[in-house]
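Structural features, examined
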Amino acid sequence: MATIAFIGLGNMGGPMAANLAKAGHEVRAFDLSSKALDEAKSQGCSVANSAQEAAKGADFVISMLPAGKHVRGLYVDGDTPLFDVLSTEALVIDCSTIDADTARDVATAGAEKGIGFVDAPVSGGVGGAKAGALTFIVGGSEAQFAQAKPVLEPMAKNIFHAGDHGAGQIAKVCNNMLLSILMAGTCEAINMGVKNGLDPAVLSEIMKQSSGGNWALNGYNPYPGVMENAPASNGYQGGFQVDLMFKDLGLAMDVSQLSASPVPMGSAARSLFNLHKANGNGKLDFSSLMQFYQDKDA
Ligand code: NAD
């Protein structure tokens, strides 16, 4: 069993750290939020006073942070970057969704100090994190992938090696751009059906069994009350925030620009999520885009 420093215990990181502790690893948890630390303690993790304290002597550091600036701040910048604390035996596994350039830069900064780093963003949402059924998309060398895999297993349903450093982030951004398009289309279709007198649950079941079936409709229905465990049935709380989807769509637009890849559907989805965020919905789950389509006086 390994000693793992786990940094970032939010909607995703909290349950991921809990699953590692449940599997018998020694998990030293750190987050800026004391509430998140209390929860990690109740799930069998030990709690550190700083990221540096958690990382000292650890075999692995796993991070699950909002964006690239947080990841760079943890490992490379700041007063005591973790690359100054870790041993050369340690492997850093960053599961945050960030831009591929930052992932490559941080990997290079680690390599200069003899410390391995892989990008390993995930898919599967909070439900997947709780169930230990995430898909990990890893960017790094073959040897680093082999080193990371056993530690990821208690949190995973699938573990893919996408390619070298940064490849995990590129694959993740392609996936989330597609997800945003599927969610927007699903909201649009359900709203039109409901406005024409259909029951949202009946319509959803019909489309699930027909050619419109997709992940957003099948497992994450955006209409309140249709799917008991979906964020839509819980006031759009928890889940995957509009702010984070908006960030991911910004990353997708950067990748599109740099590679001259046409993304008209992704651009449209980004505009929709931008308007929805501008209306004050950034902290809601991304399926709340449903409200964007609904009549406000209905
Ligand atoms: P979150 O906002 O719930 O959690 C982020 C956590 O990081 C917070 O608890 C915050 O206090 C902590 N944090 C920030 N800076 C820190 C620092 N310097 N040191 C220690 N802790 C720090 O976000 P989340 O939903 O858990 O998402 C985390 C990452 O996972 C994001 O990059 C997101 O894009 C990605 N992701 C989220 C989902 C999802 O469904 N929520 C799915 C796949 C990927």
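Just so it is clear, the structure is predicted and the values come from calculations on it, not from any experiment. (Residues numbered from 1 in each chain as written. Predicted model: local features only at pLDDT ≥ 70, side-chain atom pairs only at ≥ 80, totals over all residues. Heavy atoms only, no water.)

**What about the packing of aromatic side chains?**
Across all of its chains, the model carries seven aromatic pairs by this definition. Seen in terms of ring centroids, Phe240 and Phe286 are 5.6 Å apart; in terms of plane orientation they differ by 70°. Their pairing is edge-to-face. Taken together, the positions of Phe240 in the loop between α10 (215–219) and α11 (242–259) and Phe286 in the loop between α12 (264–281) and α13 (289–293) put the pair 46 residues apart, joining distant regions of the chain. Of the two residues, Phe240 and Phe286, both sit in the buried class. Pairing Phe292 with Tyr293 gives two aromatic rings, centres 5.6 Å apart and planes at 85°, and the pair type is edge-to-face. Given the relative accessible area of 28%, Phe292 is considered partly exposed. Among the residues examined, Tyr293 registers a relative accessible area of 17% and is labelled buried. (Phe/Tyr/Trp six-rings, centres within 6.5 Å; stacked < 30°, edge-to-face > 60°. Helix = DSSP H or I, 4+ residues; strand = E, 2+ residues; numbered from the N terminus. Buried < 20%, exposed > 50% of the residue type's maximum accessible area, 1.4 Å probe, protein only.)

**Quick notes on the UniProt feature "domain: 6-phosphogluconate dehydrogenase NADP-binding" (unreviewed entry) in the chain**
Summarizing the sequence annotation, UniProt attributes the feature "domain: 6-phosphogluconate dehydrogenase NADP-binding" (unreviewed entry) to residues 3–163 in the numbering used throughout. Regarding residues 3–163, the helix share stands at 39% and the strand share at 25%, and the terminal C-alpha atoms are separated by 26 Å. (UniProt positions renumbered as here; feature names shortened; annotations may be inferred.)

**A closer look at the pattern of salt bridges**
Counted under the stated rule, the structure contains nine salt bridges. In this structure, Asp101 engages Arg104 in a salt bridge whose closest nitrogen and oxygen atoms are separated by 2.9 Å. One end of the pair is Asp101 and the other is Arg104, both in helix α5 (residues 100–112) and three residues apart, which spans about a single turn. You can call Asp101 partly exposed: its relative accessible area is 43%. (Salt bridge = Lys/Arg side-chain N within 4 Å of Asp/Glu carboxyl O.)

**Here we look at the site of the ligand**
Neighbouring the ligand are 22 residues, the closest being Asn11, Met12, Asp31, Leu65 and Lys247. At a separation of 3.0 Å, an oxygen atom of the ligand approaches a polar backbone atom of Pro66. Burial of the ligand by the surrounding chains reaches 86%, relative to a free accessible area of 830 Å². Here the residues of the shell around the ligand sort into 11 nonpolar, eight polar and three charged. (Near = heavy atom within 4 Å. Polar contact = N/O pair within 3.5 Å; in protein donor to acceptor, adjacent residues only side chain to side chain. Areas by Shrake-Rupley, 256 points an atom, 1.4 Å probe, with all protein chains shown as cover. Nonpolar A, V, L, I, M, F, W, Y, C, P; charged D, E, K, R; others polar.)

**Description of the state of the cysteines**
Here is the idea: a disulfide is a covalent bond, and it sits between the sulfur atoms of two cysteines. Evaluation of the coordinates by the stated rule reveals zero disulfides. The cysteine Cys45 is free of any disulfide, with Cys95 supplying the nearest cysteine sulfur at 14 Å. Note on Cys174: no disulfide assigned, nearest cysteine sulfur contributed by Cys95 at a separation of 19 Å. Here Cys174 falls in the partly exposed class, since its relative accessible area comes to 46%. (Disulfide = S-S within 2.5 Å.)

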